[in-house]
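Residue-level listing of the chains:
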Amino acid sequence: MPASQSLKLNTGAEMPTVGLGTWKSQPGVVEGAVEHALKFGYRHVDTATAYANESDVGAGIKASGVPRSDIFLTTKLNNTDHGDPDKALEYSLNALGTSYLDLCLMHWPAPMHPDGTPDKTIDWLNTWTEMVKLYKAHPEKLRAIGVSNFSVAFLERLLANTDVVPAVNQTELHAACPQEDVVDFCRKKGIILTAYSPLGSDNSPLLTNEVVKKVADRHGVHPANILISLQANSQCVNVLTKSVTPARIESNYRRVDLTEDEIAELHAIDKTLHFRVCHPSWTGWGGLGFPDCLDTPESE
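All of these numbers come straight from a predicted model, not from anything done at the bench. (Residues numbered from 1 in each chain as written. Predicted model: local features only at pLDDT ≥ 70, side-chain atom pairs only at ≥ 80, totals over all residues. Heavy atoms only, no water.)

Enquirer: So what's going on with the pattern of salt bridges? Residues and values would help.
Expert: The tally for this structure, following the rule as stated, stands at twelve salt bridges. Between Glu90 and Lys141 there is a salt bridge, with the nearest N and O atoms lying 2.7 Å from each other. Residue Glu90 is found in helix H3 (residues 85–96), and its partner Lys141 is found in the loop between helix H4 (124–137) and strand S7 (145–148); the two are separated by 51 residues along the sequence. Relative accessible area serves as the criterion here: at 21%, Lys141 is assigned to the partly exposed category. (Salt bridge = Lys/Arg side-chain N within 4 Å of Asp/Glu carboxyl O. Helix = DSSP H or I, 4+ residues; strand = E, 2+ residues; numbered from the N terminus. Buried < 20%, exposed > 50% of the residue type's maximum accessible area, 1.4 Å probe, protein only.)

The structure is reproduced here in structure tokens:
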């Protein structure tokens, strides 16, 4: 099927299909990467308070000369900020040097203390309720809200207790972690998915996987383009590329149209090579409802 150029959110806004992710992109370097990406043609930039680079992302946006109104900007509520989303929003706006966010996500349904240990006094559902209040009270600051790293079980709980359906669920999606249950659920509920780590992280074994290489050779592109295009060819998924190298930033932007057979072939990789780059157990909140993580207990 054809790779999309943009997807329409349940708010009516258009979100570009390919965006520049900035996880692990260090301050002092990410500014140049954002500037180059925007000058090249990217119009979707993703950051988070937890990445500690929002001010650099904002500086890159300003240096690009691309009008803010032409850019779709996403950031995320930090796990340590579940107790005060209002204060966190103002922090992000100031750090990014912008008057509004196109999208703000709850980074993880995993409230934490400042020292990184789980804060069991806070229910993430109450945090979502506060985010909804902010969204309704300040549409000039917050154009859409959503979630990140949400399993079907957690989405079901959220939807049963809110009148605002998340616009987006950002989660790990790649050939070795297709999460078809999450994708199918979100598609039915009108929630767009943003795929992170489409290459299966840095130095991914997916880049040398024989199936990926075969499809890449067929299309005459780098294996990374096939892994990014695998997400861009889904009707409800957009995707984040990640690099600070100008040549790779440009190369990653290219999408190819994959056949249904090629998509099935790539998804079948998961049957013999399943892995997660970002296992939820690091949060101290257990497996967070993901079927392949259910053997992970919560910390006491």
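Enquirer: Summarise the environment of Val211; cite the residues concerned and give the values.
Expert: Positionally, Val211 belongs in helix H7 (residues 210–219). Excluding residues within four positions of it along the chain, Val211 makes contact with Glu265, Leu266 and Ile269. (Contact = heavy atoms within 4.5 Å.)

Enquirer: Mind laying out H4, listing which residues take part and the relevant values?
Expert: For H4, built from 14 residues, the straight-helix expectation of 20 Å at 1.5 Å per residue is met to within 8% by its first-to-last C-alpha distance of 20 Å. Inspection of H4 places Trp124, Leu125, Thr127, Trp128, Met131, Val132 and Leu134 among the buried residues, and these make up the whole buried set. Buried residues in H4, looked at end-on, bunch into an arc of 165 degrees, giving them a common side. Contacts made by the buried residues of H4 are with strand S5 (72–77), H3, strand S6 (103–106), S7 and helix H5 (152–159). Regarding H4, its N-cap is Asp123, as a side-chain oxygen of that residue lies 2.9 Å from the backbone nitrogen of Leu125 further along. (Expected span 1.5 Å × (residues − 1). Arc of directions from axis to C-beta. Polar contact = N/O pair within 3.5 Å; in protein donor to acceptor, adjacent residues only side chain to side chain.)

Enquirer: Explain the packing of helix H2 (residues 54–64) against H3 to me, and be specific about the residues and the numbers.
Expert: The geometry of H2 relative to H3 is characterised by a closest axis approach of 7 Å and an angle of 45 degrees between their N-to-C directions. Regarding the angle of H2 to H3, the classification is oblique. Within the contact between the two elements, H2 uses Glu54, Ser55, Val57 and Gly58 and H3 uses Tyr91, Ser92, Ala95 and Leu96. (Axes fitted to C-alpha atoms, helices over the stretch in contact; angles between N-to-C directions. Parallel < 35°, antiparallel > 145°, perpendicular 65-115°, else oblique.)

Enquirer: Pulling in residues and values, what's your account of the side chain of Asn149?
Expert: Within the secondary structure layout, Asn149 lies in the loop between S7 and H5. At a separation of 3.2 Å, a polar atom in the side chain of Asn149 contacts the side chain of Ser148. For Asn149, the side chain forms a polar contact with the side chain of Tyr196, separated by 2.6 Å. Ignoring sequence-local partners within four residues, the contact set of Asn149 consists of His107, Trp108, Pro109, Asn169, Gln170, Thr171, Tyr196 and Phe290.

Enquirer: Could you give an account of the sheet that holds S5, naming the residues involved and the relevant values?
Expert: A barrel is described by the order of its strands in space; here eight strands give the closed sequence S3-S4-S5-S6-S7-S8-S9-S10, paired in parallel fashion. Pairwise comparison of adjacent strand axes, ignoring direction, gives a mean angle of 30 degrees for this sheet. Pairing geometry for S5 and S6, over four bridges, is parallel. Bridged to Leu77 within S6 is Met106. (Pairing = 2+ DSSP bridges.)

Enquirer: So, helix H10 (residues 260–267): which residues are in play, and what are the values?
Expert: Residues lying three or four places apart along an α-helix face the same way, a consequence of the helix completing one turn every 3.6 residues. Within H10, burial applies to Glu262, Ile263 and Leu266. Here the buried residues of H10 occupy an arc of 100 degrees about the axis, which is enough to place them on one side. Buried residues in H10 make contact with H7 and helix H8 (223–232).

Enquirer: Quick one: what's the story with unusual backbone geometry, residue by residue and with numbers?
Expert: At Asn149, a position not held by glycine, the phi torsion is positive, near 60 degrees. A relative accessible area of 3% means that Asn149 is categorised as buried.

Enquirer: I'd like a description of the packing of H7 against H8, backed by residues and values.
Expert: At a minimum axis distance of 8 Å, the contact between H7 and H8 shows a crossing angle of 100 degrees. Classed by the angle they form, the pair H7 and H8 counts as roughly perpendicular. Packed against H7, whose contacting residues are Val212, Lys213, Val215, Ala216 and His219, the element H8 presents Pro223, Ile226 and Leu227 at the interface.

Enquirer: How would you sum up the environment of Ser6? Please name residues and give values.
Expert: Relative to the helices and strands, Ser6 is located in strand S1 (residues 6–8). The partly exposed category is assigned to Ser6, whose relative accessible area is 34%. Taking the C-alpha atoms as reference, Ser6 lies 25 Å from Glu265; in sequence the two are 259 residues apart. Ignoring anything within four residues of it in the chain, the contact list for Ser6 reads Glu14, Met15, Pro16 and Thr17. Of the polar contacts made by the side chain of Ser6, one reaches the side chain of Glu14; its length is 2.7 Å.

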